[in-house]
Amino acid sequence: MYVPSQSHVSQASPRARDLGHKLIQQIDEYQQRNPGISPADIKNALRIAQQSTASQQTAEMRLVIVGALIALALGVFAFVVSG
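Presented here is an overview of the structure given in this document. Please read these numbers as outputs of a predicted model, since none were measured by experiment.

Points about the overall build of the chain
Point 1. For the chain, the count of helices and strands is two helices and zero strands.
Point 2. Split into buried and exposed, the 83 residues of the chain put 6% on the buried side.
Point 3. Counting only carbon and sulfur atoms, one obtains 64% of the accessible surface of the chain, whose full area is about 7,200 Å².

What follows is the structure, encoded as structure tokens:
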């Protein structure tokens, strides 16, 4: 059974705690179906999931930045043309 560190659990939002409990449940069920899985395998799987989520957030942030730069450029262009 996977047991997460308790250091940040009390500071987590209700949604984060709910998702954490669901992840633990899924890991427990996976361990029951695959009894040979090692703690290192679980740790690596969680790291892969975390990296995937981080790369999605990075891509979204890039889109926001590009959109803001385009809006800024259009604003400067409109100011220059009108002035």
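And the narrative resumes.
Focus on the pattern of salt bridges
Point 1. The full count for this structure, using the stated rule, is one salt bridge.
Point 2. The shortest N-O distance in the salt bridge between Asp18 and Lys22 comes to 3.4 Å. You can see Asp18 and its partner Lys22 sitting in helix H1 (residues 14-33), four residues apart, about one turn around the helix.
Point 3. On the accessibility criterion, Asp18 (40% relative accessible area) is partly exposed.

A short note on H1
Point 1. The terminal C-alpha atoms of H1, which comprises 20 residues, lie 29 Å apart, in line with the 28 Å expected from a rise of 1.5 Å per residue.
Point 2. Taken as a whole, H1 has its buried residues at Ile24, Ile27, Asp28 and Gln31. Seen along its axis, H1 keeps its buried residues to an arc of 100°; they face one direction. Set apart from the buried face of H1 by more than 90 degrees, the exposed residues are Pro14, Arg15 and Arg33.
Point 3. Tucked into the core, H1 has its buried residues touching helix H2 (39-82).

Some words on a nonpolar patch on the surface
Point 1. Taken together, the side chains of Met61, Val64, Ile65, Leu69, Leu72, Val76, Phe79 and Val80 present a nonpolar region at the surface, about 830 Å² in accessible area.
Point 2. Here Met61 is to be found in helix H2.
Point 3. For Met61, a relative accessible area of 46% puts it in the partly exposed group.

Criteria and thresholds
Residues numbered from 1 in each chain as written. Predicted model: local features only at pLDDT ≥ 70, side-chain atom pairs only at ≥ 80, totals over all residues. Heavy atoms only, no water. Helix = DSSP H or I, 4+ residues; strand = E, 2+ residues; numbered from the N terminus. Buried < 20%, exposed > 50% of the residue type's maximum accessible area, 1.4 Å probe, protein only. Areas by Shrake-Rupley, 256 points an atom, 1.4 Å probe, with all protein chains shown as cover. Salt bridge = Lys/Arg side-chain N within 4 Å of Asp/Glu carboxyl O. Expected span 1.5 Å × (residues − 1). Arc of directions from axis to C-beta. Contact = heavy atoms within 4.5 Å. Patch = residues over 30% accessible without salt bridge, like charges linked within 9 Å, V, L, I, M, F, W, Y side chains within 5 Å.

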